[in-house]
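Listed below, chain by chain, are the residues.
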Amino acid sequence: MRRTLISTLVVALAGCSSTPKTAEQQFLDDTMTAIGGRANIDALRSIVIEGTGVNYNLGQDMKPEAATQTFELTGYKRQIDIASNRQLIEQVRTPKFTYFQGPQPQKQVQALEGEVAFNVSESGQSSRLQAWAERDRRSEFLHHPATALKVAASPGVSIANVRTTGAVRQADFTLGDRTWTLTIDAGGLPLSVSHRSYHANLGDVVITTTFANYQEVSGLKLPTHLVTKVDDFTTAEIRVTTQAINTPFTAPEGVNAAAVKPAVTPTPNVTAERVGTGVWLLAGQSHHSVLVEFADHLMLIDAPQSEARTLAVIAKAKDTVKNKPLTQLVTTHHHFDHTAGLRAAIAEGMSVFTHAGNKEWVENMARRPHTLAPDALTKSATRLVVETVDDEREVKDASQTVMLYHVAGNPHSDTMLMAYIPRDRLIIEVDAFSPGSAVQPYAPNLLENIQKRSLRVDKIVPLHGAIAPFSELVKVGGAK
């Protein structure tokens, strides 16, 4: 009897001396239990997700904060091979709005193989993503609860900053250059995965995918509704119709990372062509700018594509007209491809002329933090001056006149401006009419605006494509 009591006491003491779980271990265990248990996660090798969905037009909608333009997604298929760090997304994207490329469906193939992220065009051409986009694709691999947990439990991953915020718990995971935050509910079910990233226009951003409507698949609970946001802007929504685990990964012919060339950032090429008295087209690549000379200063119309492009345009402008400062920038509209150099122009000391509907947006772009990749404005902060245009505005001195007009009813942007040089009868515009393009959905509206104002126009100076006579716009847009 005495031995039995002693043995029981020893066992009890041994149990009491076991090390309690850390907060990190408890977080991971709770989450794994909630979606099906560690054994099922350990056995997970791959996931295939199929469904339908919607893409939203980040930075390219009718107004800066709008989310009205959508692409319908059909044939959506996402394959994730966890063991070999591969992901393949195939989908067909159809615009549900007036799109400058036309209404036809577009097939997209987005791939990740190890460290290499690339897209495959409909013609079979592969193109590797630039550095930040490639990092986002590698992080996107983790924007699913099963893959996030599978990788989180692997060797070399650190877990930190476990915390409770209201009714949710969060923890940060790091593997190499990837850091992601997993948010779970009180019972451990994953609610979202997010990671920090950098966007040329928006600066420091957080990309988040939320999960809902879980269903059981072969012992695992997997979400059937996934929504992705960049900060507060929704970019994608996927509704899952079928999914399976541990099925073979199948890539279409031609999807092969070994054949993808390294990404190349083109060196900006800026040419200057005189198109009027004190007016130059600064071209050289797909997105152009226009330089306008006044008596004591210079105006730049559009700062597109990238900071590097805009800095090169600024240098060309100074070389073209020496000893006059660049003090004014006209932004034709808010779309990201035409404002990626906005902050570089502000850093140069330019005031910004924009449609009144863009004023708050311009101010927001100027103050957004760019700490992950410090840009010109981060390195040389300066005071911002925004000049607004409602219907029209004249910018004039003794040597030059520029009329800025709102392109009313434009189907591409509610806040579109065009510039008119009366002395040379020039219209400077972008996206409304691109000479040589096979699809011209916005040309009739541009022509209507010109005719409504009874402007005398000889030439169209587009910021895409080549200079064209006004008669070409009339032909395409339909004379009235």
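Scroll up a little and you will see the structure.
Right, let's walk through the structure included here. As the structure is a prediction and not an experimental result, all values here were calculated from the model.

**Some remarks on the overall build of the chain**
Stage number 1. Broken down by element type, the chain carries eleven helices and 26 strands.
Stage number 2. Its C-alpha atoms give the chain principal-axis dimensions of roughly 115 × 45 × 40 Å.
Stage number 3. Expressed as a percentage of its 480 residues, the buried residues of the chain come to 51%.
Stage number 4. Looking at charge distribution, the chain has the averaged site of its 47 positive side-chain charges lying 3 Å from that of its 49 negative ones.

**Let's talk about empty space enclosed by the protein**
To locate leftover empty space, one rolls a probe as large as a water molecule over the atoms.
Stage number 1. Scanning all chains against the criterion turns up one cavity of 30 Å³ or more.
Stage number 2. Taken as a whole, the largest cavity spans an internal volume of roughly 30 Å³.
Stage number 3. As for the largest cavity, its lining consists of Gln87, Leu88, Ala111, Leu112, Glu113, Phe249, Ala251 and Val255.
Stage number 4. Counting only elements with at least two residues in the lining of the largest cavity, the list comes to strand S3 (86-95) and strand S4 (106-113).
Stage number 5. Examining the composition of the lining of the largest cavity, we find that three residues originate from one element, S4, more than from any other.
Stage number 6. Along the lines of polarity and charge, the residues of the lining of the largest cavity split into six nonpolar, one polar and one charged.

**Quick notes on helix H6 (residues 307-320)**
Stage number 1. Over its 14 residues, H6 runs 20 Å from end to end, which matches the ideal 20 Å to within 8%, given 1.5 Å per residue.
Stage number 2. Those residues of H6 that sit buried are Arg309, Thr310, Val313, Ile314 and Ala317. Projected onto a plane normal to the axis of H6, the buried residues spread over an arc of 140 degrees and lie on a single side.
Stage number 3. Structurally, H6 contributes buried residues whose contacts are with strand S15 (279-283), strand S16 (289-293), strand S17 (298-301), strand S18 (326-330) and helix H7 (342-347).

**Things to note about the packing of aromatic side chains**
Stage number 1. Taken as a whole and judged by the stated rule, the model has seven aromatic pairs.
Stage number 2. Centre to centre, the rings of phenylalanine 27 and phenylalanine 173 are 6.2 Å apart; their planes meet at 50 degrees, and the pair counts as tilted. Taken together, the residues phenylalanine 27 in helix H2 (residues 23-35) and phenylalanine 173 in strand S8 (residues 168-175) connect sequence positions 146 residues apart.
Stage number 3. With a relative accessible area of 1%, phenylalanine 27 lands in the buried category.
Stage number 4. The exposure class of phenylalanine 173 is buried, given its relative accessible area of 0%.

**Brief notes about the nonpolar core**
Stage number 1. Of all hydrophobic cores here, the largest spans 38 residues; its most connected members are Leu44, Phe141, Phe173, Trp180, Leu182, Leu220 and Ile245.
Stage number 2. A per-element tally of this core places helix H5 (residues 145-152) first, with five residues.
Stage number 3. Ranked by size, the runner-up nonpolar core spans 31 residues in total, among them Ile314, Val321, Ala345 and Leu377.

**A word on the sheet that holds S15**
Stage number 1. Pairing in this open sheet of seven strands is mixed, and the strands run S14-S15-S16-S17-S18-S19-S20 from one edge to the other. Single-partner strands in this sheet number two, and they are strand S14 (271-276) and strand S20 (386-389). Across the sheet, the axes of successive neighbouring strands diverge by a mean angle of 25 degrees, strand direction being ignored.
Stage number 2. Here S17 pairs with S18 via four bridges, running parallel. Following the sheet pairing, leucine 300 is matched in S18 by leucine 329.

**Describing the pairing of S16**
Stage number 1. Most of S16 sits inside the fold, with four of its five residues counted as buried.
Stage number 2. In this structure, S15 lies alongside S16, joined through four bridges in antiparallel fashion. If you follow leucine 282 over to S16, its bridge partner there is serine 289.
Stage number 3. Between S15 and S16, which pair antiparallel and follow one another directly, the connecting turn spans five residues, one of which, glycine 284, has a positive phi of 115 degrees.
Stage number 4. In terms of strand pairing, S16 meets S17 through four bridges, oriented antiparallel. Note on S17: the bridge partner recorded for valine 292 is methionine 299.
Stage number 5. Where S16 folds back onto S17 in an antiparallel hairpin, the turn is made up of four residues.

**Notes on the environment of asparagine 358**
Stage number 1. By the secondary structure assignment, asparagine 358 is in the loop between strand S19 (351-355) and helix H8 (359-367).
Stage number 2. Aside from chain neighbours lying at most four places away, what touches asparagine 358 is Pro64, His333, His334 and Thr415.
Stage number 3. Within polar-contact distance, the side chain of asparagine 358 engages the side chain of threonine 415 at 3.0 Å.

Each value, and the rule that gives it
- Residues numbered from 1 in each chain as written.
- Predicted model: local features only at pLDDT ≥ 70, side-chain atom pairs only at ≥ 80, totals over all residues.
- Heavy atoms only, no water.
- Helix = DSSP H or I, 4+ residues; strand = E, 2+ residues; numbered from the N terminus.
- Buried < 20%, exposed > 50% of the residue type's maximum accessible area, 1.4 Å probe, protein only.
- Lys, Arg positive; Asp, Glu negative; His and termini not counted.
- Charge placed at Lys NZ, Arg CZ, Asp CG, Glu CD.
- 1 Å grid on protein atoms, 1.4 Å probe; cavity = no way out; pocket = protein on both sides within 12 Å on 5 of 7 lines; lining within 4 Å.
- Points joined across faces, edges and corners; volume = space filled by probe spheres on them.
- Nonpolar A, V, L, I, M, F, W, Y, C, P; charged D, E, K, R; others polar.
- Expected span 1.5 Å × (residues − 1).
- Arc of directions from axis to C-beta.
- Contact = heavy atoms within 4.5 Å.
- Phe/Tyr/Trp six-rings, centres within 6.5 Å; stacked < 30°, edge-to-face > 60°.
- Core = buried A, V, L, I, M, F, W, Y, C linked by side-chain atoms within 4.5 Å.
- Pairing = 2+ DSSP bridges.
- Axes fitted to C-alpha atoms, helices over the stretch in contact; angles between N-to-C directions.
- Polar contact = N/O pair within 3.5 Å; in protein donor to acceptor, adjacent residues only side chain to side chain.

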